[in-house]
Amino acid sequence: MATKTFDAVVIGAGVGGYPAAIRLAQLGKKVALVEKETLGGVCLNWGCIPSKALIAAANLVDEIKGAAERGIMVGEPKVDVAKLREFKNGVVKKLTSGVGLLEKGNGVEVVKGTATFVSPTAIDVEQNGERTRIEAQAFIVATGGRPVEIPGFKFDGKDVWSAKEAVDLPEVPNRLVCIGGGIIGMELGTVYAKLGSQVTFLEALPNILTGIDPEAVRLVQKNLRQRGVTVHVNAKAKGFERKGAALAVKVEVEGKETTIECDKILVAVGFRPSPEGLGLEKIGVKVGPKGIEVDAQYRTSVPSVFAIGDVTGGPFLAHKASKEGEIAAEVIAGMKSARDWVAMPGGIFTDPEIGTVGLSEEEARAQGHDPITGKFAFGALGRAIAIHHTEGFVKVVADRASKLILGVTAVGPEAADLIAEATLALEMGAYLEDVALTIHAHPTLPEAFMEACKTALGEPIHMLKPPERKKKGEEPAPARA
Ligand SMILES: Cc1cc2nc3c(=O)[nH]c(=O)nc-3n(C[C@H](O)[C@H](O)[C@H](O)COP(=O)(O)OP(=O)(O)OC[C@H]3O[C@@H](n4cnc5c(N)ncnc54)[C@H](O)[C@@H]3O)c2cc1C
């Protein structure tokens, strides 16, 4: 068996692993990146990127349908599913081959195959029956996670889809039951609804998008209702059976048994770490119920082995995995890096879109703050009116005494992009005044964040002060020209 030696080896070329390998190489290390499938992992191959390509295409269908309101007369749009899939595959290919070029350009050796630990400083990589031993003083495990399965709904890629099949867009079923009203379920279910499926969501909890500002969730729910999507909460899916050409899903909604007929079932009830098969138990790496256990420098219970990204537990976010990978690489290279961020942003690409960072009002209160909030509606913002997307708002939460910004929720057009400025504000320890005094280009959507901060300070310009508005739900006025 051939043996190779490196300074450091990264196992898994997802958005956690591939940046870690680049960072290690930048810091002068001789690095190998081991991947059993395609470079880019879940995010690039069947997660973030392809799902966003489909979401953008589905939104375009919506825009075309609504174009007549703006005097643009086009017929009813038709979707060529095969062509859309081809476009999506092209997007994936472009990015995954880009990863290969980046690794090569940085001098990282990409090794194809499945890695298993044989000692704390060596792995075997197996591909097509051939084994290579790779030795190194440090390893970063970045093997990611996989969708959670539930009893009665075994993923078969035919009747029962996981996110992986749903993102592959095998077809647009007439009727789709989507089990799980979390972020991935909501995003993908909405795509299919926009492409023409009759979608029914089954969520076991009392709300969809648990953990997100209820005011923002209400807007998503309203949008789904308006497009004829059914959402059942407190709904436990029990199993399904074939009924002719259809599938009959057995479900208990609010305690009552019922059956929902459909053509395909998408199960998106969560993600879980997948540390299995790596031989971690043999070398003494501790794995808890939430995944591989790590400290603030991403070191496992074995000093030569680090772990990052989804394999260490949630939140299952691409940018979190990337950041962790860079930190682990720096620690291996002798730097004093550690997990020390103030703010972990999140983008939810529903309709409307949601961006979150920092604490919600309730979380701020629970952490002992006396919070104040400022909210600015897109309905009063020139840019939002001009692009015909006025639904939503930016809400800022700050500490009443100090005016330190604690959190921001944006819901509406480009909300996930908008949250970048709020993330920087939190990371820099900005106060409401800092954002309120910053000139924002006009007309742009981020002006809503500036206006929300002014509102929290009691000095709104493009909105009347909240106490002066008597009727609840009244449109803010006047709109900025
Ligand atoms: C549909 C969907 C949409 C998503 N959208 C977003 C989004 O919009 N924003 C966001 O932040 N996050 C999103 N996510 C989550 C995001 O994809 C993950 O958080 C991210 O991929 C985690 O990266 P990772 O590097 O930890 O693991 P992964 O991307 O899972 O990569 C792990 C890699 O390790 C490889 N591997 C595993 N075992 C071995 C082994 N023994 N040997 C060699 N290689 C191995 C795997 O083949 C894989 O390529 C989405 C996920 C899904 C499913």
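Residues numbered from 1 in each chain as written. Predicted model: local features only at pLDDT ≥ 70, side-chain atom pairs only at ≥ 80, totals over all residues. Heavy atoms only, no water.

(A) A look at the overall build of the protein. On a plain count of helices and strands, the protein comes out with 14 helices and 26 strands. Its C-alpha radius of gyration of 24 Å places the protein within 12% of the 23 Å reference for a compact globule of 481 residues. Taken over the C-alpha atoms alone, the protein extends approximately 75 × 65 × 45 Å along its principal axes. Partitioning the contacts of the protein with sequence separation of at least 6, the portion at a separation of at least 24 is 62%. Total accessible area computed for the protein in this model is approximately 22500 Å², and 53% of it derives from carbon and sulfur atoms. For the protein, the distance from the average position of its 57 positive side-chain charges to the average position of its 60 negative side-chain charges is 2 Å. (Helix = DSSP H or I, 4+ residues; strand = E, 2+ residues; numbered from the N terminus. Rg over C-alpha atoms; globule rule 2.2 N^0.38 Å. Contact = heavy atoms within 4.5 Å. Areas by Shrake-Rupley, 256 points an atom, 1.4 Å probe, with all protein chains shown as cover. Lys, Arg positive; Asp, Glu negative; His and termini not counted. Charge placed at Lys NZ, Arg CZ, Asp CG, Glu CD.)

(B) Focus on the site of the ligand. As a structural note, the neighbourhood of the ligand is formed by 39 residues, with G16, E35, V42, K52 and A318 the closest of them. In the environment of the ligand, an oxygen atom lies 2.8 Å from a nitrogen or oxygen atom belonging to the backbone of A318. Starting from 1000 Å² of accessible surface for the ligand in isolation, the protein chains cover 93%. Among the elements of the structure, strand 3 (31-35), helix 2 (41-46), helix 3 (48-65), strand 5 (114-119), helix 5 (163-168) and helix 9 (318-332) are those that each provide at least two residues to the shell around the ligand. (Near = heavy atom within 4 Å. Polar contact = N/O pair within 3.5 Å; in protein donor to acceptor, adjacent residues only side chain to side chain.)

(C) Region of the structure containing the state of the cysteines. According to the stated counting rule, one finds one disulfide in the structure shown. Note on cysteine connectivity: C43 is disulfide-linked to C48, with sulfurs 2.2 Å apart. Where C43 bonds to C48 through sulfur, the torsion about that S-S bond is close to -130 degrees, and the disulfide is left-handed. C262 takes part in no disulfide bond, and the closest cysteine sulfur to it belongs to C178, at a distance of 11 Å. (Disulfide = S-S within 2.5 Å.)

(D) Structural view of the side chain of E447. Tracing the chain through its elements places E447 in helix 14 (residues 447-456). According to the relative accessible area criterion, E447 is buried, its value standing at 1%. Here T444 takes part through its backbone nitrogen, which lies 2.9 Å from a polar atom of the side chain of E447. (Buried < 20%, exposed > 50% of the residue type's maximum accessible area, 1.4 Å probe, protein only.)

(E) Highlighting the nonpolar core. Within the largest apolar cluster, 39 residues are counted, with the highest numbers of intra-cluster contacts made by L209 and I354. Within the residue set of this core, elements represented by two or more residues are helix 3, helix 4 (81-105), helix 5, strand 11 (175-179), helix 6 (183-195), strand 12 (198-202) and helix 7 (214-226). A per-element tally of this core places helix 6 first, with six residues. Those residues in contact with L209 that sit more than four places away from it in its chain are G181, G182, I183, M186, V217, V220, I348, T350 and I354. Core analysis: the next-biggest nonpolar cluster, separate from the first, contains 31 residues, A430, C453, A456 and M463 among them. (Core = buried A, V, L, I, M, F, W, Y, C linked by side-chain atoms within 4.5 Å.)

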